[in-house]
Amino acid sequence: MPAYSGFAVGLVLPFLAVLGPLPWLSSGTLVIGGIPAALVWLFACLPLTSLCMAVAWKLEKRDRQDRDD
Amino acid sequence: MTEMRVASTVFIAIIVLSFVVALVSRRNHAHQNSRDFFAASGQFGGVLVFLLAVGETYSIGSIMGFPAGALHDGIPFVGWFLGYILLAYPVGYFLNPLIWKAGRRAEALTFADLFRTCFPSRFLEIAVTLSAIFFMLPFGELQMAGLIATIGEFHWPFSPVVIAGGCAVLTFSWLALSGVRAPAFVSAIKDSIVILAVVFISIAVLRHESWHGLVQASRSMKPATAGDNVHTITTIIIQALGFCVAPQSIAFLFTARSSGIVRRNQILMPLYMLMFPLLLLCTLYASATGLPLSGKNTVFIDVALALLPSWGLGLVMAACALSGLVILAGICLCIGSLVSRNLVHGLPDSRQKTCAKLVITLYLVFSVYTAMHFSVLMPVLTTVYYLGIVQFFPAVLCVCLELRVPSGFVTAGFLAGEAMSVGLAFSGVPVGNVNPGFIGLVLNAGMVALGLAANASRPVPRR
């Protein structure tokens, strides 16, 4: 797996996930379960960002193993 | 009255415990050289590095400021605050291991040591050192102001200057005992107590207010405007980058045993932010019930006063106070090391520690004094903190990636970026709601890129 996939998942994806919908959600009136969608999405991004980095870690590890093999 | 006595007893017991822990951290390290004093000889494992680094997230400013900011400024504030801290972690995931490796190559103890080794320019070293010190100056005052506000809730018969003086003495004694080891060990207590305090207060909120009431309060939070969005996004970007190159954050990285530790920690850090939704419950409770507030930044404390038993209140106060003290200790250590290693050149190892202790004393005195006299000036300096700090980013990237850029271009980019950011911030020139730091960073990065293109074949000087 090329190194840039780890970079895309670990860095680019969290930035897109947080910054992409933020303008639309924080100025809109959309609610999820009665709570403003901006808050729900931002709080969901906390574990999602960890997950993205964990996946990047796995990809990098696999990449290193492939190179060693 | 008895209730406050119980709260005071719990608070004092926890503060005494922090001192005992600082004393324990000295074990086997009673005779420290400067490397051990400033960077624990690079021996810290994952847990201690995590606690040191995450301390930045849960400062007294975050714990008291987040619920208050969410109450007064609504959703744009929450988006900005969570956005920049959260996105700093993926940046750190890739950048921090590179900084750690560059630090090992340069045998660095401070972030300015990196510059000294990679760019043969004493002027650049002095410029980044003075900049870093200047931008960190208000942080001591901010912690002191938070500590005075928190401890003031006990209504002890002491003046604010005595309270601030006591905090300064405690911070100095931690550092004098074992340098960076003390805040790292004390962070373990601090974080445990912060988690307990936030969980207790959330449970109390959920017991005293209906979920429906809290949800209604969340819908009355102020939404963002189009102008807010441009400013929020550009601010999140520069602060997420600035967070990773802040001098004190870089100094903490040098305490780690390996680059793997530094990288693994970043994966866990966003999970630690799951306390912010709980902190937001305080905001929603205050909004739903129309809770009378004793000050602009006291939502968290006021909710604790209203809902928690006296021992719980003591715990919350101790959590806030330790958060302030740990951050203060980290900043003191960072400024002390920058002066003794980078501003004053060529001090022998033993005198670096003495010099740092002298600087720490002066900085603490300055922080107490400014907390008493300059509350208006300091928020202005705090505003420019990230405008200035983020300008280190292109240079740090050059160091980490061993890019061949002449020091003149790096220095010019860094100074132009700072001048542009601060100039735009205070001149009132309309920039379409873009954060001035972002414009400065683009100019800075452009000059560094120019240097890279102009001198692609020149090797980076190494020690």
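Read on for a plain summary of the structure. (Residues numbered from 1 in each chain as written. Chains lettered and ligands numbered in written order. Predicted model: local features only at pLDDT ≥ 70, side-chain atom pairs only at ≥ 80, totals over all residues. Heavy atoms only, no water.)

### What to know about the overall build of chain B
Working step 1: Each helix and strand in chain B was counted, giving 21 helices and 0 strands.
Working step 2: Relative to the 2.2 N^0.38 estimate, which gives 23 Å for 463 residues, the radius of gyration of chain B is 22 Å and therefore close to what a compact globule would have.
Working step 3: Projected onto its principal axes, the C-alpha coordinates of chain B cover approximately 70 × 55 × 40 Å.
Working step 4: Scored against the burial criterion, the 463 residues of chain B give a buried share of 61%.
Working step 5: The long-range fraction of contacts in chain B, counting pairs at least 24 apart against all pairs at least 6 apart in sequence, stands at 86%.
Working step 6: Per element, the accessible surface of chain B, about 17000 Å² overall, is 67% carbon and sulfur.
Working step 7: Mean positive and mean negative side-chain charge positions of chain B (26 and 16 charges, respectively) differ by 11 Å. (Helix = DSSP H or I, 4+ residues; strand = E, 2+ residues; numbered from the N terminus. Rg over C-alpha atoms; globule rule 2.2 N^0.38 Å. Buried < 20%, exposed > 50% of the residue type's maximum accessible area, 1.4 Å probe, protein only. Contact = heavy atoms within 4.5 Å. Areas by Shrake-Rupley, 256 points an atom, 1.4 Å probe, with all protein chains shown as cover. Lys, Arg positive; Asp, Glu negative; His and termini not counted. Charge placed at Lys NZ, Arg CZ, Asp CG, Glu CD.)

### Considerations on helix α1 (residues 3-19) of chain A
Working step 1: Look at α1(A): 24 Å from first C-alpha to last across 17 residues, which is about the 24 Å you get at 1.5 Å a residue.
Working step 2: The largest bend along α1(A) reaches roughly 35 degrees and is located at A:V12, with the proline A:P14 sitting one to four residues downstream. (Expected span 1.5 Å × (residues − 1). Bend = angle between axes of the 7 residues up to and from the residue.)

### Description of the packing of aromatic side chains
Residues and elements named next belong to chain B.
Working step 1: The final tally for this structure, using the stated rule, is 29 aromatic pairs over all chains.
Working step 2: Here W80 and F81 contribute two aromatic rings whose centre-to-centre distance is 5.7 Å and whose plane-to-plane angle is 80 degrees, an arrangement assigned as edge-to-face.
Working step 3: Among the residues examined, W80 registers a relative accessible area of 23% and is labelled partly exposed.
Working step 4: Through a chain of ring-to-ring contacts, the aromatic side chains of F66, F77, W80, F81, Y84, Y89, F139, F243, F276, Y385 and Y386 assemble into a single cluster.
Working step 5: Its end group placed over the ring of Y93, R263 keeps NZ or CZ at 4.6 Å from the ring centre. (Phe/Tyr/Trp six-rings, centres within 6.5 Å; stacked < 30°, edge-to-face > 60°. Lys NZ or Arg CZ within 6 Å of the ring centre and 35° of its normal.)

### Considerations on the interface of chain A and chain B
Working step 1: Of the residues lining the interface, 31 residues belong to chain A; the matching set on chain B comes to 37 residues.
Working step 2: Carbon and sulfur atoms make up 82% of the surface buried where chain A meets chain B, a total of about 2900 Å² over both sides.
Working step 3: Contact with chain B buries area across many residues of chain A, yet A:L46, A:M53 and A:W57 alone supply 22% of it, more than any other trio.
Working step 4: We note a salt bridge from B:R263 to A:E60, for which the minimum N-O separation is 2.5 Å.
Working step 5: Where chain A touches chain B, the interface holds 7 residue pairs in polar contact (both at pLDDT 80 or more).
Working step 6: Of all the elements in the fold, those that place two or more residues in the side of chain A that touches chain B are α1, α2 (22-27), β2 (35-36) and α3 (37-68) of chain A.
Working step 7: Broken down by element, the side of chain A that touches chain B gets its largest block of residues, 14 residues, from α3(A).
Working step 8: In the side of chain A that touches chain B, the residues fall into 22 nonpolar, 8 polar and 1 charged. (Buried area = accessible area lost by both parts, 1.4 Å probe. Salt bridge = Lys/Arg side-chain N within 4 Å of Asp/Glu carboxyl O. Polar contact = N/O pair within 3.5 Å; in protein donor to acceptor, adjacent residues only side chain to side chain. Nonpolar A, V, L, I, M, F, W, Y, C, P; charged D, E, K, R; others polar.)

### Concerning the nonpolar core
Residues and elements named next belong to chain B.
Working step 1: If you look at the biggest cluster of nonpolar residues, it comprises 188 residues, and the most contacted ones within it are W174 and V303.
Working step 2: In terms of residues, this core owes the most to one element, helix α16 (residues 310-343), which gives 21 residues.
Working step 3: Not counting the four nearest positions on each side in its chain, V303 is found in contact with I201, V205, C282, Y285, A286, L291 and L308. (Core = buried A, V, L, I, M, F, W, Y, C linked by side-chain atoms within 4.5 Å.)

### Here's the deal with the layout of surface pockets
Working step 1: Here the second largest pocket defines a volume of roughly 740 Å³.
Working step 2: Those elements that place two or more of their residues in the lining of the second largest pocket are α1 and α3 of chain A together with α5 (75-106), α11 (226-245), α13 (259-272) and α19 (393-401) of chain B.
Working step 3: The element that contributes the greatest number of residues to the lining of the second largest pocket is α3(A), accounting for 8 residues.
Working step 4: For the lining of the second largest pocket, the class distribution of residues is 20 nonpolar, 4 polar and 7 charged. (1 Å grid on protein atoms, 1.4 Å probe; cavity = no way out; pocket = protein on both sides within 12 Å on 5 of 7 lines; lining within 4 Å. Points joined across faces, edges and corners; volume = space filled by probe spheres on them.)

### Some thoughts on the environment of A:V12
Working step 1: With respect to the helices, strands and loops of the structure, A:V12 is situated in helix α1.
Working step 2: Spatially, the C-alpha atom of A:V12 lies 13 Å from that of A:L48, the residues being 36 residues apart in sequence.

### Examining empty space enclosed by the protein
Residues and elements named next belong to chain B.
Working step 1: Tallied over the entire structure, the rule returns 6 cavities of 30 Å³ or more.
Working step 2: For the largest cavity, the calculated volume is near 160 Å³.
Working step 3: Forming the boundary of the largest cavity are 12 residues, of which A53, N96, F243, S249 and Q266 lie nearest the centre.
Working step 4: Of all the secondary-structure elements, those providing two or more residues to the lining of the largest cavity are α5, α11, α12 (247-253) and α13.
Working step 5: Here the residues of the lining of the largest cavity sort into 8 nonpolar, 3 polar and 1 charged.

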